[in-house]
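Overview (structure and organization)
Residue strings, one per chain:
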Amino acid sequence: MTYPAILTIILTPVVLLGLATVLTWVERRLLGLWQDRHGPDRVGPGGMLQAVADGTKILFKQDWVPPFADRGVFVAAPAIGMMTVLLSFAAIPVTTRAGIAGDMNVGLLFMLGMMGLGVYSVVLAGWSSNSKYALLGGMRAAAQMISYEVFMGLSLLGVVMVAGSFSLRDIVAAQAGLWFIVPQCLGFGVFMLAGIAETHRLPFDLPEGENELGAGFHTEYSGMKFGMFFISEYAGIVLVSCLVTTLYLGGWRGPWLPAGVWFALKTCCVVVFFILLRAGLPRPRYDQLMALGWKVLLPLSLFNVMATGTILMLRASL
């Protein structure tokens, strides 16, 4: 392994964790702007050091393990969640050359597999806490994430059929003439909703519904263990935004500006959309969330697959 590759592997988690930390400040400022109030503005210029202050507080907070918890699983659960998110970034192609794992011919399958493993984190956290609220939150999270992974995978079948490859670089290359958000607009809508549910962000944050479950699956967590769950959520937002950019928005493609700049700009726009959803939409009931998936998104994703296949067959026969 070459020295630049080793350096990339070491620096990438540091950069991603730094971005996730800064994103907490960005979210607070955007929500303050959207809701016509002050965001964090006391620590540093414009409150920019608020994320540093929060990180320092969590770092030195008491790292307590409940005496009734399964200690080994309790400690491992947040590490599993963070590991799966960070490993998922390995397959993301930022430019034609930049990327941790290079050109993976099954990059999309690898990312879906890593995102699927993230379910273990919330389930084990809820179970090992030996708390009713945490267990209910873990079960909610498992049902929600497993269900919406089905629709996420089906929504991507149209993209794979059109591009003819599971390689993310090939998918970006196939968008040279037209971004997939246009011909695959239905799949894009399903994927966005599934991505919000996968990251259990508002309005789909039912596993962490403070109204009825306290903090959900991480009710019993404190200190850096809670911080790992917190940062993993924001890293998941960046991950889904990178996927949306790669699969539907042409990846790094764009005029005039460098490829990496285009990728960053598109990803930032999707991240801002994720954040503003929190300020603009109410939280549905849990049964409404599950009904949306199985009664609406599943038929729509299947229809998108059938319509895409039909069009491709008609084109091939002409």
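Structure: see above.
We now turn to the structure provided with this report. (Residues numbered from 1 in each chain as written. Predicted model: local features only at pLDDT ≥ 70, side-chain atom pairs only at ≥ 80, totals over all residues. Heavy atoms only, no water.)

**Notes on the overall build of the chain**
Per the secondary structure count, the chain includes eleven helices and zero strands. Across the chain, helices and strands are ordered from the amino to the carboxyl terminus as α-α-α-α-α-α-α-α-α-α-α. By the compact-globule yardstick of 20 Å for 318 residues, the chain fits well, its C-alpha radius of gyration being 20 Å. Along the first, second and third principal axes, the C-alpha atoms of the chain reach 70 × 45 × 45 Å. Residues counted as buried form 47% of the 318 residues belonging to the chain. Within the chain, one finds 20 positive and 17 negative side-chain charges whose respective centroids are separated by 4 Å. (Helix = DSSP H or I, 4+ residues; strand = E, 2+ residues; numbered from the N terminus. Rg over C-alpha atoms; globule rule 2.2 N^0.38 Å. Buried < 20%, exposed > 50% of the residue type's maximum accessible area, 1.4 Å probe, protein only. Lys, Arg positive; Asp, Glu negative; His and termini not counted. Charge placed at Lys NZ, Arg CZ, Asp CG, Glu CD.)

**Topic: the packing of helix α7 (residues 185-198) against helix α10 (residues 259-280)**
Where α7 contacts α10, the axes come no closer than 12 Å and their chain directions differ by 65°. Handedness of the crossing formed by α7 with α10: right-handed. For the pair α7 and α10, the contacting residues are Met192, Gly195 and Ile196 in the first and Val270, Phe273, Phe274 and Leu277 in the second. Residue classes in the contact of α7 with α10 are distributed as six nonpolar, one polar and no charged. (Axes fitted to C-alpha atoms, helices over the stretch in contact; angles between N-to-C directions. Left-handed = near helix turned anticlockwise from the far one by under 90°. Contact = heavy atoms within 4.5 Å. Nonpolar A, V, L, I, M, F, W, Y, C, P; charged D, E, K, R; others polar.)

**Quick word on helix α11 (residues 286-317)**
Here α11 contains 32 residues, and its C-alpha end-to-end distance of 46 Å stays within 8% of the 46 Å for a straight helix at 1.5 Å per residue. Where α11 bends most, at Leu297, the angle is about 35°, and the proline Pro299 comes one to four residues later. Buried residues of α11: Tyr286, Leu289, Met290, Gly293, Leu297, Ser301, Asn304, Val305, Thr308 and Gly309, and no others. Of the surrounding elements, those touching the buried residues of α11 are α5 (132-163) and α7. (Expected span 1.5 Å × (residues − 1). Bend = angle between axes of the 7 residues up to and from the residue.)

**Topic: the pattern of salt bridges**
This structure, assessed with the given rule, holds five salt bridges. The closest approach of N and O atoms between Arg278 and Glu27, which form a salt bridge, is 3.0 Å. Of the two residues, Arg278 sits in helix α10 while Glu27 sits in helix α1 (residues 3-34), which places them 251 residues apart along the sequence. Overall, the relative accessible area of 35% leaves Arg278 in the partly exposed class. (Salt bridge = Lys/Arg side-chain N within 4 Å of Asp/Glu carboxyl O.)

**A short note on the packing of α5 against α7**
Running from N to C, α5 and α7 cross one another at 155°; their axes reach a closest spacing of 8 Å. The angle between the axes of α5 and α7 places the two elements in the roughly antiparallel class. For the pair α5 and α7, the sense of crossing is left-handed. Contact residues: Gln144, Met145, Tyr148, Glu149, Phe151, Met152, Ser155 and Leu156 in α5; Gly187, Val190, Phe191, Leu193, Ala194, Gly195, Ala197 and Glu198 in α7. (Parallel < 35°, antiparallel > 145°, perpendicular 65-115°, else oblique.)

**Some words on the packing of aromatic side chains**
On inspection of all chains with the given rule, the structure shows eight aromatic pairs. On the numbers, 5.1 Å between centres and 80° between planes, the contact of Phe151 with Trp294 is edge-to-face. Remark: Trp294 occurs in helix α11 and Phe151 occurs in helix α5; sequence separation between them is 143 residues. By relative accessible area, which is 0% here, Phe151 ends up buried. Aromatic side chains Tyr221 and Phe229 sit 5.0 Å apart centroid to centroid with 80° between the ring planes, which places their arrangement in the edge-to-face category. Through pairs of rings, three or more aromatic residues link up here, namely Phe74, Tyr221 and Phe229. (Phe/Tyr/Trp six-rings, centres within 6.5 Å; stacked < 30°, edge-to-face > 60°.)

**Brief notes about the nonpolar core**
Of all hydrophobic cores here, the largest spans 56 residues; its most connected members are Phe89, Leu108, Ile171, Phe191 and Leu247. Sorting elements by how many residues they give to this core places helix α9 (residues 223-248) first, with twelve residues. Setting aside anything within four residues of it in sequence, one finds Leu108 in contact with Leu156, Val160, Phe166, Leu168, Ile171, Leu243 and Leu247. By size, the runner-up hydrophobic cluster in this structure holds 13 residues, among which are Phe74, Ala125, Ala142 and Phe229. (Core = buried A, V, L, I, M, F, W, Y, C linked by side-chain atoms within 4.5 Å.)

**With respect to unusual backbone geometry**
The phi angle at Asn130 is positive, at roughly 55°, despite the residue not being glycine. Within the element layout of this structure, Asn130 appears in the loop between α4 (107-128) and α5. With phi around 70°, Trp256 is a residue other than glycine that occupies positive phi space. When you line up the elements, Trp256 lands in the loop between α9 and α10.

**Here's the deal with the side chain of Ser155**
Tracing the backbone shows Ser155 in helix α5. For Ser155, a relative accessible area of 0% translates into the label buried. Side-chain polar atoms of Ser155 contact the backbone oxygen of Met152, separated by 2.7 Å. Not counting residues up to four positions away in its chain, the partners in contact with Ser155 are Gly187, Val190, Phe191, Tyr248, Ser301 and Asn304. (Polar contact = N/O pair within 3.5 Å; in protein donor to acceptor, adjacent residues only side chain to side chain.)

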